[in-house]
Amino acid sequence: MAGLIRREDIDEVRARTDIKEIVDGYVTLKSAGIGSWKGLCPFHDERSPSFHVRPQMGTYHCFGCDESGDVIAFLMNIDHTTFAETVEKLAARVGYELHYEQGSGPKKEEVGRRQRLLDAHKVAAEFFQRHLYTRQAAPAQQFLGERGFDGEAAKRYGVGYAPRGWDHLLKHLRERGFTDQELKLTGMFSEGNRGLYDRFRGRLVWPIRAVAGEIIGFGARKLDDDDPGPKYLNTPETALYKKSQVLYGIDLAKREIARQRRLVVVEGYTDVMACHLAGVTTAVATCGTAFGPEHIKIVRRFLSDDGGGGEVVFTFDGDAAGQKAALRAFEEDQKFVAQTYVAVEPHGMDPCDLRLARGDAAVAELVENRRPLFEFAIRATLKNYDLDTIEGRIRAMRACAPIVARIRDRSLRPAYARQLAGWLGLDPAEVQRAVDAAGRAPREGRAEPPRREPETSGPPAVELPDPREPVARMEREALETVIQCPDLMLERHWEEFGLSVFRYPVHGAVHDAVLAARAGLLGDGAGVPGGQVWVDAVRGHLPEPLHGFLAELAVTPLPATTQQQLERYTADILNRLFELQINRRKSDRLAELQRTDPAGQRERYQQLQRELLELEMQRRSLRQD
């Protein structure tokens, strides 16, 4: 049985250990005066640093949660180790031999469980790395080579190969003195009717390290089509490995994250490698789970997320899954003081593919061309609506208004409200009112869920627009003219009228009925008559609730007393309608132009510019009539 560690040895280990160096592995510390350092407390969530370390005194104290102690207490609290395990770990670190009272030091199999698990992982990592250079690992070598990773890169990131077979690693660890009970706890083995067998077989393997650099798990990618397992297979939840608290690459990136005050979140192990090799040395990846609250707690410590302008940049694929991930990240955005951004490669390439196709500079450029996450969230939401219709744009505005309202920097909200108005082709004042209303709404009603526009059918509701509204008044006057004076409309008038889109549903219903009635009359070989025959033909294509409105249009006096005045008024009101349509189409094209990437959608961008020029020429020609 292991004895107690001598008090003198404990004091000696404590004296030889630099508490600041230990804390630096978990917390980004800044100078707080002579002999004092401070950072965000790792034991509670805070926005302003209140965690202080005094190396000369060998102590730490948090003025926020009152946690305090020496280097031993710090490691016990943060790593959840026992007192003896912690002292033994620190003694090994400084190369000091411990002595025990009332017994001998612990035997190998009696070392603390956590350290035994770490030792097993370290041995396993070395085993995998050696097998990467065997003949059997040719598929793994090919995989790395095809993605631009040489032997030096593989060595730097500890990449290895798990050989085919059921018990290669199992036998190796047993030979190194690990018991089956210990091996069960590592997560590196599965258990069947015949006992334990290797979890990772015939796969490329990455070691996953904790913040301090200790190996706590593995991620493995299949290489053979006949492998029935998932594409990526990670260590399951263990005492060491909690996927919601793990970030691949954080051990390598932590110092650069603290120095640059920037974190880049990518989606996979190869993306982390590609980013680091391309000079983006602050990249990390989650391990089989979405970026969540526990990851944020880790990240904030290294960013010193205390309002000093740090950045978190997410890279996502441009597909639906990537957009969903971005929106999920936006939900967590409010927990950062740092600004959050998103970087999406226009052609859907991830950082690894991008580096392979266009070199290191392209990866750095991707990150530098980041966009604010809330802008990406707005654009992703807009894609769920039909922006070619007034109804679709209004629904899109209602869905996006809460996103704008939640932008943390209040000074940016009006600018993004105007930007949203431009993308939608709506009145900026109307969009700002929607944003203001969303800001006052309860959080649980934050946004209309993204969806595709439903198909609508049936008669429109009889809801007459306010006649004081200029567009409503103009649309009604145009319909009055068409109902009362169809004989004054030239063929070009009918063509333009057919292309017209009315803002108000009741007006749109009459417009559709007019076109249907004319088509029916022309189909009989007759022209378009005026008077009662014409009104009856239109009525035949209108839902019954709108018959009364049609009667109003037919009897409202037109502002003309002579035939010449009537012809002039008809031409004038129709030209006003057509100019409104042209302006509306211009607004739609301008909104789409603002949503279009001139680099990634060059052909469409140029087409929109040509259409805008043509529409302007049409508008000018109307004024010359």
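Since the structure is predicted, the reported quantities are computational estimates derived from the model, not experimental observations.

Student: Would you mind showing me how to read the sheet that holds strand E15 (residues 262-266) here?
Tutor: Taken together, six strands build an open sheet; the order of strands is E14-E16-E15-E17-E18-E19 and the sheet is mixed. A strand with exactly one partner marks an edge of an open sheet, and here the two such strands are strand E14 (247-248) and strand E19 (371-372). Relative to strand E16 (residues 283-286), E14 runs antiparallel, the two being bridged by two bridges. Residue pairing across strands places Leu247 opposite Thr286, the latter belonging to E16.

Student: Can you help me understand the packing of helix H23 (residues 531-539) against helix H24 (residues 547-555) in this one?
Tutor: Geometry of a packed helix pair, given as the angle between the helix axes and the separation of the axes. Direction vectors running N to C along H23 and H24 enclose 150 degrees, while the axes themselves pass 11 Å from each other. As judged from the angle between their axes, H23 and H24 are roughly antiparallel. The two elements H23 and H24 cross, and the hand of that crossing is right-handed. Contact with H23, carried on its side by Val535, Val538 and Arg539, involves His547, Leu550 and Ala554 of H24 and no other residues of that element. The class makeup of the residues in the contact of H23 with H24 is four nonpolar, one polar and one charged.

Student: Sorry if this is basic, but what is going on with the pattern of salt bridges here?
Tutor: Between side chains of opposite charge, pairing is possible as soon as their charged atoms come close. In the structure shown here, the tally under the stated rule is 32 salt bridges. The salt bridge partner of Lys20 is Asp24, with a shortest N-O separation of 2.7 Å. In this pair, Lys20 and Asp24 are both assigned in helix H2 (residues 19-24), four residues apart and thus about one turn of the helix distant. There is no split in this pair, since Lys20 and Asp24 are both buried. One continuous salt-bridge network, built from bridges that share partners, spans Arg262, Glu311, Glu368 and Arg370.

Student: Even after reading the chapter, I still don't get unusual backbone geometry, so can you show me in this structure?
Tutor: Note: most peptide bonds trans; most residues except glycine with negative phi. Phi is positive for Asp66, close to 70 degrees, though the residue is something other than glycine. Here Asp66 shows up in the loop between strand E5 (59-62) and strand E6 (68-69). Its identity as a non-glycine residue notwithstanding, Arg261 has a phi of 55 degrees, on the positive side. Residue Arg261 is classed as buried on the basis of its relative accessible area, which comes to 17%.

Student: Which parts of the structure should I look at to understand the packing of aromatic side chains?
Tutor: The geometry of an aromatic ring pair comes down to the distance between the two centres and the angle between the two planes. Evaluation of the coordinates by the stated rule reveals 20 aromatic pairs. With a centroid separation of 6.2 Å and an interplanar angle of 35 degrees, the aromatic rings of Phe43 and Tyr60 are classed as tilted. Note that Phe43 is positioned in the loop between strand E3 (37-39) and strand E4 (51-54) and Tyr60 in strand E5, a separation of 17 residues in sequence. Taking relative accessible area as the criterion, Tyr60 reaches 2% and is therefore assigned buried. Aromatic side chains Phe43 and Phe74 sit 5.8 Å apart centroid to centroid with 70 degrees between the ring planes, which places their arrangement in the edge-to-face category. Taken together, the positions of Phe43 in the loop between E3 and E4 and Phe74 in helix H3 (residues 71-79) put the pair 31 residues apart, joining distant regions of the chain. Judged by its relative accessible area of 23%, Phe43 is partly exposed. On the accessibility criterion, Phe74 (0% relative accessible area) is buried.

Student: Is there a simple way to explain the pairing of strand E12 (residues 215-222) in this structure?
Tutor: Successive residues of a regular strand alternate their side chains across the two faces of the sheet. Most of E12 sits out of view: seven of its eight residues are buried. Taking the residues between adjacent antiparallel strands as the criterion, strand E11 (residues 203-209) and E12 are bridged by five residues, where Gly213 takes a positive phi near 100 degrees. In the sheet, E12 pairs with strand E13 (residues 232-234) via three bridges, with the strands oriented antiparallel. Note that in E13 the partner of Gly219 across the bridge is Asn234.

Student: Can you walk me through the nonpolar core in this structure?
Tutor: Generally speaking, nonpolar side chains in soluble globular proteins are found buried as a group. In terms of nonpolar packing, the biggest core is built from 44 residues, with Leu144, Val159, Leu204, Trp206 and Tyr248 touching the most fellow members. Looking at this core, the element that brings in the most residues is helix H11 (residues 269-277), giving five residues. If we skip the residues at most four places from it in the chain, Leu144 touches Leu132, Phe149, Ala154, Val159 and Leu204. Membership of the second largest hydrophobic core comes to 39 residues, among which are Cys485, Val538, Phe578 and Leu580.

Student: What is the right way to read the packing of helix H21 (residues 491-499) against helix H25 (residues 563-595) from this model?
Tutor: Relative orientation of the contacting elements H21 and H25 amounts to 40 degrees, with a least axis distance of 10 Å. Considered as vectors, H21 and H25 are oriented oblique to each other. Judged by the twist between their axes, the crossing of H21 over H25 is left-handed. In this structure, H21 uses His493, Glu496, Phe497 and Leu499 to contact H25, whose residues at the interface are Leu574, Leu577, Phe578 and Arg585. Its residues assigned to classes, the contact of H21 with H25 shows five nonpolar, one polar and two charged.

Student: I'm lost on the sheet that holds strand E2 (residues 30-31) in this one. Help?
Tutor: Taken together, the five strands give an open sheet; going across it, the order is E2-E3-E4-E5-E6, and neighbouring strands pair in antiparallel fashion. What marks the edges here is a single partner per strand, and that holds for E2 and E6. Here E4 runs beside E5; their pairing, made up of four bridges, is antiparallel. Paired with Arg54 across the two strands is Thr59, which belongs to E5.

Student: Whenever I open this one, the environment of Arg539 confuses me. Can you help?
Tutor: Structurally, Arg539 is set in helix H23. Taking relative accessible area as the criterion, Arg539 reaches 25% and is therefore assigned partly exposed. Once the C-alpha coordinates of Arg539 and Ala513 are considered, the two residues, 26 residues apart in sequence, prove to be 7.4 Å apart.

Student: Looking at this structure, how should I read the confidence of the model for the protein?
Tutor: Per-chain confidence: the protein averages 83 in pLDDT, with 87% of residues scoring 70 or above. Averaged pLDDT values for the elements of the protein fall to 62 in helix H13 (residues 320-333) and rise to 97 in strand E8 (residues 160-162). Every residue in residues 107-111 is under pLDDT 50, and counting partners more than four places away or in other chains gives six contacts. Across residues 443-461, confidence stays below pLDDT 50; counting only partners more than four residues off in sequence or on other chains, it has 29 contacts.

Student: What am I meant to see in the environment of Gln245 here?
Tutor: Residue position: Gln245 is located in the loop between E13 and E14. Separated by 52 residues in sequence, Gln245 and Lys297 place their C-alpha atoms 8.7 Å apart. Gln245 has contacts with Glu294, His295 and Ile298, leaving out every residue within four places of it along the chain.

Student: How should I be thinking about helix H14 (residues 351-358) in this particular structure?
Tutor: Side chains three or four residues apart in an α-helix point the same way, a direct result of the helix having 3.6 residues per turn. Restricting attention to buried positions, one finds in H14 the residues Pro351, Cys352, Leu354 and Arg355. Angularly, the buried residues of H14 cover 165 degrees about the axis, an arc narrow enough to put them on a single face. The inward-facing, buried residues of H14 contact E15, H11, strand E17 (311-315) and helix H15 (360-368). Looking one or two residues past H14, Gly359 carries a phi angle of roughly 95 degrees, positive in sign.

Thresholds, definitions, all that
Residues numbered from 1 in each chain as written. Predicted model: local features only at pLDDT ≥ 70, side-chain atom pairs only at ≥ 80, totals over all residues. Heavy atoms only, no water. Pairing = 2+ DSSP bridges. Helix = DSSP H or I, 4+ residues; strand = E, 2+ residues; numbered from the N terminus. Axes fitted to C-alpha atoms, helices over the stretch in contact; angles between N-to-C directions. Parallel < 35°, antiparallel > 145°, perpendicular 65-115°, else oblique. Left-handed = near helix turned anticlockwise from the far one by under 90°. Contact = heavy atoms within 4.5 Å. Nonpolar A, V, L, I, M, F, W, Y, C, P; charged D, E, K, R; others polar. Salt bridge = Lys/Arg side-chain N within 4 Å of Asp/Glu carboxyl O. Buried < 20%, exposed > 50% of the residue type's maximum accessible area, 1.4 Å probe, protein only. Phe/Tyr/Trp six-rings, centres within 6.5 Å; stacked < 30°, edge-to-face > 60°. Core = buried A, V, L, I, M, F, W, Y, C linked by side-chain atoms within 4.5 Å. pLDDT = per-residue confidence, 0-100. Arc of directions from axis to C-beta.

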